[in-house]
Amino acid sequence: MDENMQDGSDVLEGIAFVGETLGPFFLQDPKTGEAGAAFQALAALDVDAAAAEWPFAGEAEARACLALMKEGLAHGIEDDDLVWEYRRLFVGPAPKPAPPWGSVYTDRECVVFGESTLALRAWMRAQGIARLVDDKTPEDHIGLMLVLMAWIARNQPADLDDYLRLHLLPWSPHFLDELAEAAKQPFYEGLARLAKASLEGIQSERALDVAYPRFYR
């Protein structure tokens, strides 16, 4: 982990950075979405410099993941391989090889809006945290949960550990392994691996004891 991640405010800033940086890549179509500037910045990234500063993941691991992501953007953000891989992984209409919602893995029926989704919704309501999307969209999409992690780190840090321990970390490593394995384009393999390494580093930094559920997928 970056040696600068020492005091509490730096840790929270690092957590917010991870969520704000990676979350949109799971949520936004490279060609038609709203994260074009983020994709372009990644395409122009100095990988060595960025890896040295990336919080929570080891420098060598961050370098390998960021290099994969940059490689995947070598032909531009409108490249057919990149765009269609995003749609294959996250949109459909064909069955997704690694669906991005937590309850698909933790619910016995492997469905969206499963028990873990409803538990997250109830927890957010109890903490006074507004939904980021309409009520027809499951809150436990990995991209939404990373963005929410950043928001909580900045605005309600007292709730951060419970959010991570109870709602994000129990399923995200399993999903991210599945995604890295399913990805056929280096950008999304690198994204999955970097997200997993970062979340594992955050878990270690916060000394969180996570109870992992049974996975049904």
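Numbers given to residues run from 1 along each chain, matching the order in which its sequence is written. Residues qualify for local features only when their pLDDT is at least 70, as the model is predicted, and side-chain atom pairs are given and counted only at 80 or more; totals for whole chains, interfaces and linings, by contrast, use all residues. Excluded from the side-chain calculation are hydrogens and water; included are all heavy atoms of the structure.

Going by the annotation in an unreviewed UniProt entry, the name recorded for the chain is Tat proofreading chaperone DmsD, with Gordonibacter pamelaeae given as the source organism.

A.B. asks: Can you explain the overall build of the chain? Please cite residues and give values.
C.D. replies: Helix and strand counts for the chain come out as 11 helices and 0 strands. By principal-axis analysis of the C-alpha atoms, the chain measures approximately 45 × 45 × 30 Å. By the convention used here, residues are in contact when the closest approach between their heavy atoms is within 4.5 Å. Look at the contacts in the chain between residues 6 or more apart in sequence, and 70% of them connect residues 24 or more apart. Approximately 10,100 Å² of the chain is accessible, and the part contributed by carbon and sulfur atoms is 50%. Runs of E in the DSSP output that reach at least two residues are strands. Runs of H or I that reach at least four are helices, and both are numbered from the N terminus. Using the Shrake-Rupley algorithm and a 1.4 Å probe, accessible areas are obtained, with residue cover drawn only from the displayed protein chains.

A.B. asks: So what about the pattern of salt bridges? Which residues, and what values?
C.D. replies: Here the idea is simple: oppositely charged side chains can pair when their charged atoms come close. By definition, a salt bridge exists where a carboxyl oxygen of Asp or Glu is found within 4 Å of a side-chain nitrogen of Lys or Arg. Counting across every chain of the model gives 13 salt bridges. Asp 161 is paired through a salt bridge with Arg 206; the nearest N and O atoms lie 2.7 Å apart. With Asp 161 in helix 9 (residues 160-168) and Arg 206 in helix 11 (residues 186-206), this residue pair connects regions lying 45 residues apart in the sequence. For every residue, the accessible area obtained with a 1.4 Å probe (protein chains only) is divided by the maximum for its type, and the residue is called buried under 20%, exposed over 50%, and partly exposed between those limits. You can call Asp 161 partly exposed: its relative accessible area is 25%.

A.B. asks: Tell me about the nonpolar core, residues and numbers included.
C.D. replies: General note: in soluble globular proteins, nonpolar side chains tend to be found buried as a group. Counting residues in hydrophobic clusters, the biggest one holds 66 residues, and the most contacted among them are Phe 26, Met 149, Tyr 163, Leu 164, Phe 175, Phe 187 and Tyr 188. Here this core takes 9 residues from helix 11, the largest share from any one element. Residue contacts for Tyr 188: discarding those within four places in its chain leaves Phe 25, Pro 30, Phe 39, Leu 82, Glu 85, Tyr 86, Leu 89, Phe 90 and Ala 183. To qualify as a nonpolar core, a set must consist of buried Ala, Val, Leu, Ile, Met, Phe, Trp, Tyr and Cys residues joined through side-chain atoms within 4.5 Å.

A.B. asks: Tell me what's going on with the side chain of Ser 198, and back it up with residues and numbers.
C.D. replies: Relative to the elements of secondary structure, Ser 198 occurs in helix 11. Judged by relative accessible area, which is 0%, Ser 198 ranks as buried. Only 2.9 Å separates the side chain of Ser 198 from the side chain of Trp 54, close enough to count as a polar contact. Ignoring any residue separated from it by four or fewer positions in sequence, one finds Ser 198 in contact with Val 18, Trp 54, Pro 55, Phe 56 and Ala 57. Definition of a polar contact: a pair of N or O atoms within 3.5 Å, with one able to donate and the other able to accept a hydrogen when the atoms are protein atoms, and with sequence-neighbouring residues admitted only if both atoms are side-chain atoms.

A.B. asks: Outline the side chain of His 141, supporting the account with residue identities and numerical values.
C.D. replies: With respect to the helices, strands and loops of the structure, His 141 is situated in the loop between helix 7 (115-126) and helix 8 (142-155). A relative accessible area of 9% means that His 141 is categorised as buried. Look past the residues within four positions of His 141 in its chain and what remains in contact with it is Phe 26, Leu 27, Pro 100 and Trp 101.

A.B. asks: Which residues make up helix 1 (residues 8-27), and what values go with them?
C.D. replies: Taking 1.5 Å per residue as the helical rise, helix 1 with its 20 residues ought to reach 28 Å, and the 29 Å between its terminal C-alpha atoms agrees with that figure. All of the buried residues in helix 1 are Val 11, Leu 12, Gly 14, Ile 15, Ala 16, Val 18, Gly 19, Leu 22, Gly 23, Pro 24, Phe 25 and Phe 26. By this rule, a helix spans an expected 1.5 Å times one less than how many residues it contains.

A.B. asks: Kindly report on unusual backbone geometry, identifying the contributing residues and their values.
C.D. replies: For the bond running from Gly 92 to Pro 93, omega is 20 degrees, close enough to zero to count as cis. Among the secondary structure elements, Pro 93 is positioned in the loop between helix 5 (80-90) and helix 6 (103-106). Residue Phe 56 is not a glycine yet carries a positive backbone phi of 80 degrees. With respect to the helices and strands, the residue Phe 56 is situated in the loop between helix 3 (47-53) and helix 4 (59-72). Residue Cys 110 is not a glycine yet carries a positive backbone phi of 55 degrees. What makes Cys 110 partly exposed here is its relative accessible area of 29%.

A.B. asks: Can you lay out the packing of helix 1 against helix 11 for me, pointing to particular residues and giving the numbers?
C.D. replies: Interaxial angle, 0 to 180 degrees, is taken between N-to-C directions of lines fitted to C-alpha atoms, where a helix line uses only the stretch in contact. Running from N to C, helix 1 and helix 11 cross one another at 155 degrees; their axes reach a closest spacing of 11 Å. Taken together, the axes of helix 1 and helix 11 lie roughly antiparallel to each other. Of the two elements, helix 1 crosses helix 11, and the hand of that crossing is left-handed. Between helix 1 and helix 11, the contacting residues are Val 11, Leu 12, Ile 15, Val 18, Leu 22, Phe 25 and Phe 26 on the first element and Phe 187, Tyr 188, Leu 191, Leu 194, Ala 195, Ser 198, Ile 202, Glu 205 and Arg 206 on the second. Residue polarity is assigned by list, with Asp, Glu, Lys and Arg as charged and Ala, Val, Leu, Ile, Met, Phe, Trp, Tyr, Cys and Pro as nonpolar; anything else, Gly included, falls into the polar class. Taken together, the residues of the contact of helix 1 with helix 11 sort by class into 13 nonpolar, 1 polar and 2 charged. Angles below 35 degrees are treated as roughly parallel, those above 145 as roughly antiparallel, those between 65 and 115 as roughly perpendicular, and all remaining angles as oblique. By definition, any crossing whose near helix is turned counterclockwise from its far helix by less than a right angle is left-handed, and any crossing with a clockwise turn is right-handed.

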